[in-house]
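Take a look at the letters that make up each chain.
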Amino acid sequence: MKIIKKIALVLLLVLIAMQFYRPAKNLSQGNHTSDFIAETNPSTEVQVILENACYDCHSNNTKYPWYNNVAPLSYWLSDHVEEGKSELNFSAWESYSNKKKSHKLEEVAEVLEEGEMPLKSYTLMHSEAELTAAQKDAVIAWANQSRVLYELNQQPQ
């Protein structure tokens, strides 16, 4: 029984220490998606959907929930956001080539069609990110339409 108490004490001390060493937050000033919006020109409906369901994990500005102040959840959220941004970062849209932009929009449509995004773990705490079939269809149609423009731009002149 002594070993279990020692392990529990060490775990408690580690959890307490984790509260003082937090990962950096994903925050930026200004309109961090303006280039993306200007270039892809989504409808107001699609813009709202992207803001509510995508930007927290796929841009340089995350709106953090209250539970982000509690370790180890803060570490889990930080890793989740970093992984999301590595897949697609709307704030870095201008740095992507036209071919990559086309591919990213293709992936947006695919993950929505397959029901992979938004993640269930995200929509559990963010009900506004739960998308209806009509909302998914609107984003998919916009993504496919925008892809055509990038693909045409890649054609030899």
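My aim in this report is to walk through the structure given alongside it, one point at a time. Given the structure is predicted, the values throughout are model-derived calculations rather than measurements.

## Structural notes on empty space enclosed by the protein
Take a probe with the size of a water molecule and roll it over the atoms, and the empty space left behind shows itself.
Step number 1: In the structure shown here, the tally under the stated rule is one cavity of 30 Å³ or more.
Step number 2: Size it by volume and the largest cavity reaches roughly 30 Å³.
Step number 3: Lining the largest cavity, in full, are Pro 23, Ala 24, Lys 25, Tyr 64, Asn 68, Ser 74 and Ser 78.
Step number 4: Residues of the lining of the largest cavity, tallied by class, amount to three nonpolar, three polar and one charged.

## Topic: the nonpolar core
Note that soluble globular proteins tend to have their nonpolar side chains buried in a common cluster.
Step number 1: In terms of nonpolar packing, the biggest core is built from 23 residues, with Phe 36, Leu 50, Trp 93, Val 139 and Trp 142 touching the most fellow members.
Step number 2: Looking at this core, the elements with two or more residues in it are α3 (44-53), α6 (98-113) and α8 (133-153).
Step number 3: Here the element with the most residues in this core is α8; it accounts for six residues.
Step number 4: In this structure Val 139 touches Val 46, Ile 49, Val 108 and Leu 112, once residues within four positions along its chain are discounted.

## Looking at the side chain of Lys 101
Step number 1: With respect to the helices and strands, the residue Lys 101 is situated in helix α6.
Step number 2: Owing to a relative accessible area of 5%, Lys 101 belongs among the buried residues under this scheme.
Step number 3: If near-sequence neighbours (up to four positions away) are discounted, Lys 101 is found in contact with Glu 39, Trp 93, Glu 94, Tyr 96 and Tyr 150.

Rules used in this analysis
- Residues numbered from 1 in each chain as written.
- Predicted model: local features only at pLDDT ≥ 70, side-chain atom pairs only at ≥ 80, totals over all residues.
- Heavy atoms only, no water.
- 1 Å grid on protein atoms, 1.4 Å probe; cavity = no way out; pocket = protein on both sides within 12 Å on 5 of 7 lines; lining within 4 Å.
- Points joined across faces, edges and corners; volume = space filled by probe spheres on them.
- Nonpolar A, V, L, I, M, F, W, Y, C, P; charged D, E, K, R; others polar.
- Core = buried A, V, L, I, M, F, W, Y, C linked by side-chain atoms within 4.5 Å.
- Buried < 20%, exposed > 50% of the residue type's maximum accessible area, 1.4 Å probe, protein only.
- Helix = DSSP H or I, 4+ residues; strand = E, 2+ residues; numbered from the N terminus.
- Contact = heavy atoms within 4.5 Å.

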